[in-house]
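# Commentary on secondary and tertiary structure
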Amino acid sequence: MTEQDLREKMVSLALSMFQRGYATGGAGNLSLKLPDGNFLATPTGASFGRLVADELSVVDINGTLISGKRASKEVAFHLEIYRNSPDCNAIVHLHSTYLTALSCLETLDPDNAIRPFTPYYVMRVGQLPVIPYLRPGEPRIAEELGKLAPHHRAFLLANHGPVITGSDIEDAVDNAEELEETAKLMFILNNHPVRYLTHAEVDDLKGRGK
Ligand SMILES: [Zn+2]
C-alpha cells in the first residue's frame, strides 16, 4: 500500500468507528507504521468523524513532527509500543463506552481484565493487562506500555480506556471492535452465572490465529 492509500484507509476506518459510536468528540487516536519507517497518526483533538487525509500527522520514532498537523500527545505511548514490539504495525486507542466503563471498575485483575468466555477474544486479543491510573499524557503511561508491549496485543489504561495493536490498521481496528464487544457482553452478563472457558480450552485456542 502507498502512503496515500494508508492515509485514506485511516480516514475511512476512523469515520466508520465514529459512525458506529466507538469514538466520540475528539477522544482517541490512531497510528500506523509507514513504508519509510515514519508513523502516520491522528492530529491532536481531531474527531474520528472529520479526519482529512492530507492533514494527518507524520512523526518519526522520536515523535518529531515531519509533516501535517501536530500529533496527539498520546502518540508518545504509541511510539513506545512500536519500539518494543516489532510485529506491531498499527495502534488504536479509544475511550469507547464499555471498555472505558470496564477500566473504571475497582476489582480488575491487573494481569487480565477480561476472563475469557468467548474463543474470539482469546484468538484476537488473548489477554488484557491493566496499566494503573496515570494522568493522561504522563510519560509513565508510555513506560508501562513499553514494558508489556513485547508480550501482549492489547492493554487497558485504568480510568481511561483501551490501547489495541495490530499487524496493520484493519487488523488493529478489528481487534479493537472485538474487544469492545467482549466488554459489552461482560456487562450484559453481569449477575448471570457465566461458563468461562477452561484453561485447557484457552490453551487449545492459543496460536490458532483469528
Ligand atoms: Zn486517551
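Just so we're clear, the structure is a prediction, and the values are computed from it rather than from any experiment.

Donor atoms from the polypeptide that coordinate the zinc ion comprise Glu 74 (OE), Glu 74 (OE), His 93 (NE2), His 95 (NE2) and His 160 (NE2), at 2.1 to 2.8 Å from the metal. Donor residues for the zinc ion, ordered by position in the chain, follow E-x18-H-x1-H-x64-H. By relative accessible area, His 95 is classed as partly exposed at 35%.

This part is about the sheet that holds strand β6 (residues 130–131). The strand order across the open sheet formed by eight strands is β4-β3-β2-β1-β5-β8-β7-β6, and the pairing between neighbours is mixed. At either margin of the open sheet sits one strand with a lone partner, and together these are β4 (65–67) and β6. Relative to strand β3 (residues 57–59), strand β2 (residues 39–41) runs antiparallel, the two sharing three bridges. Pairing of Phe 39 across the sheet is with Val 59, part of β3. The strands touched by helix α6 (residues 169–188) are β1 (29–33), β5 (90–93), β7 (154–157) and β8 (161–166); relative to β8, the strand with the most contacts, the crossing angle is about 140°.

Moving on, we come to the layout of surface pockets. Counted as a void, the largest pocket has a volume near 440 Å³. Lining the largest pocket are 22 residues, with Pro 116, Val 122, Gly 126, Val 202 and Lys 206 sitting closest to its centre. Within the residue set of the lining of the largest pocket, elements represented by two or more residues are α4 (119–124) and α7 (199–205). Counting residues per element, the lining of the largest pocket draws most heavily on α7, at four residues. Taken together, the residues that form the lining of the largest pocket break down as eight nonpolar, nine polar and five charged.

Moving on, we come to the packing of aromatic side chains. Counted under the stated rule, the structure contains three aromatic pairs. Ring geometry for Tyr 98 and Phe 187: centres 6.1 Å apart, planes at 50°, overall tilted. Of this pair, Tyr 98 sits in helix α3 (residues 97–103) while Phe 187 sits in helix α6, and the two are 89 residues apart along the sequence. Using a relative accessible area of 30% as the deciding quantity, one classes Phe 187 as partly exposed. One Lys or Arg, Arg 115, reaches over the ring of Tyr 196 and ends 3.9 Å from the middle of that ring.

Right, let's talk about the pairing of β1 for a bit. Of all five residues making up β1, four are buried, and the element is well covered by its neighbours. Direction of pairing for β1 relative to β5: antiparallel, over a ladder of four bridges. Each bridged residue has a counterpart across the sheet, and for Ser 31 the counterpart in β5 is Ile 91. Sheet analysis places β1 next to β2, joined by three bridges and oriented antiparallel. Bridged to Ser 31 within β2 is Ala 41. Between β1 and the antiparallel strand that follows it, β2, lie five residues; Gly 37 among them carries a positive phi value of about 95°.

Okay, empty space enclosed by the protein next. The final tally for this structure, using the stated rule, is one cavity of 30 Å³ or more. By volume, the largest cavity is sized at about 30 Å³. The wall of the largest cavity is formed by Tyr 22, Ala 23, Thr 24, Ala 27, Gly 28, Leu 94 and His 95. Of the residues that constitute the lining of the largest cavity, the class distribution is four nonpolar, three polar and no charged.

This next bit is on the packing of helix α1 (residues 3–19) against α6. At a minimum axis separation of 10 Å, α1 and α6 run at an interaxial angle of 15°. One element, α1, and the other, α6, form an angle in the roughly parallel class. Crossing of α1 against α6: the hand is right-handed. Residue-level contacts link Lys 9, Leu 13 and Met 17 of α1 to Ile 169, Glu 170, Val 173 and Glu 177 of α6. Counted by class, the contact of α1 with α6 contains four nonpolar, no polar and three charged residues.

Rules used in this analysis
Residues numbered from 1 in each chain as written. Predicted model: local features only at pLDDT ≥ 70, side-chain atom pairs only at ≥ 80, totals over all residues. Heavy atoms only, no water. Donors = N, O, S within 2.8 Å, 3.2 Å for Na, K, Ca; no water. Buried < 20%, exposed > 50% of the residue type's maximum accessible area, 1.4 Å probe, protein only. Pairing = 2+ DSSP bridges. Helix = DSSP H or I, 4+ residues; strand = E, 2+ residues; numbered from the N terminus. Contact = heavy atoms within 4.5 Å. Axes fitted to C-alpha atoms, helices over the stretch in contact; angles between N-to-C directions. 1 Å grid on protein atoms, 1.4 Å probe; cavity = no way out; pocket = protein on both sides within 12 Å on 5 of 7 lines; lining within 4 Å. Points joined across faces, edges and corners; volume = space filled by probe spheres on them. Nonpolar A, V, L, I, M, F, W, Y, C, P; charged D, E, K, R; others polar. Phe/Tyr/Trp six-rings, centres within 6.5 Å; stacked < 30°, edge-to-face > 60°. Lys NZ or Arg CZ within 6 Å of the ring centre and 35° of its normal. Parallel < 35°, antiparallel > 145°, perpendicular 65-115°, else oblique. Left-handed = near helix turned anticlockwise from the far one by under 90°.

Such coordinate-based values are descriptive only and should not be taken to indicate function.
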